[in-house]
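Architecture at a glance
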Amino acid sequence: MTITKFDIADYLDNEEMIAEYLNTVLEDGDSSDLIVAIGHIAKAIGMTKIAEKTGMSRPSLYKALADGAKPQFETIMKVLKAVGGQINIKPSS
């Protein structure tokens, strides 16, 4: 029997899954969880593709989106735009 490590990026294969994943992390997680989640999404789409869209290098992306990283807000916005995401604010109930 072979056991493989679970990788969420393997399941982020369409826009709806990506949006649901991000929204869940935004509701339940903290800022470091969000950064890691954006990294998972970038990995699912392809770091090379995201690097091209953001104008960043792949190593810089990996570093900015690593667990424990504290990237600038501008970097987060660039990557969100590159993965087709956006931030929407709604009143909390």
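From a predicted model like this one, the values you see are computed outputs, not experimental measurements. (Residues numbered from 1 in each chain as written. Predicted model: local features only at pLDDT ≥ 70, side-chain atom pairs only at ≥ 80, totals over all residues. Heavy atoms only, no water.)

1. Notes on helix α5 (residues 73–82)
Put simply, the rule reads: Summary of the burial criterion: residues with accessible area below 20% of their type's maximum are buried, those above 50% are exposed, and those between are partly exposed, where the area comes from a 1.4 Å probe applied to protein chains only. What counts as a helix is a DSSP run of H or I of at least four residues, what counts as a strand is a run of E of at least two, and both are numbered from the N terminus. This arc is taken over the directions from the axis of the helix to the C-beta atoms.
Here α5 has its buried residues at T75, I76, V79, L80 and A82. An end-on view of α5 places all buried positions within 160° of arc, on one side of the element. Those residues of α5 that are exposed and angled more than 90 degrees off the buried face are F73, E74 and K81. G84, located one to two residues past α5, shows a positive phi value of around 85°.

2. Concerning helix α3 (residues 47–54)
Every buried residue of α3 is accounted for by M47, I50, A51 and T54. All buried residues of α3 fall inside an arc of 105° around its axis, so they share one side. In α3, the exposed residues that point more than 90 degrees away from the buried face are E52 and K53. Of the residues one or two after α3, G55 is the one with positive phi, at around 80°.

3. Some details on the pattern of salt bridges
Note the threshold: Here a salt bridge means any side-chain nitrogen of Lys or Arg lying within 4 Å of a carboxyl oxygen belonging to Asp or Glu.
For the structure on display, the rule yields two salt bridges. Here D7 makes a salt bridge to K43, at a shortest N to O gap of 2.5 Å. One end of the pair, D7, is in the segment before α1 (15–28); the other, K43, is in helix α2 (residues 31–45), and 36 residues separate them in sequence. A relative accessible area of 18% places D7 in the buried class. In this structure, E74 engages K78 in a salt bridge whose closest nitrogen and oxygen atoms are separated by 4.0 Å.

4. Examining the packing of α1 against α2
For clarity, the cut-off: Orientation is described by axes fitted as lines to C-alpha atoms, over the contacting stretch for helices, and by angles from 0 to 180 degrees between their N-to-C directions. Here the word oblique covers every angle except those under 35 degrees (roughly parallel), over 145 (roughly antiparallel) and from 65 to 115 (roughly perpendicular). For this analysis, residues touch if any pair of their heavy atoms sits within 4.5 Å. Charged means Asp, Glu, Lys or Arg here, nonpolar means Ala, Val, Leu, Ile, Met, Phe, Trp, Tyr, Cys or Pro, and polar covers whatever is left, Gly included.
Where α1 contacts α2, the two axes come as close as 9 Å, and the packing angle between them is 170°. Relative to α2, α1 is oriented roughly antiparallel. In this structure, α1 uses I18, Y21, L22, V25 and L26 to contact α2, whose residues at the interface are D33, L34, A37, I38, H40, I41 and I45. For the contact of α1 with α2, the per-class residue count stands at 10 nonpolar, one polar and one charged.

Function cannot be inferred from these measures alone, as they are strictly geometric.
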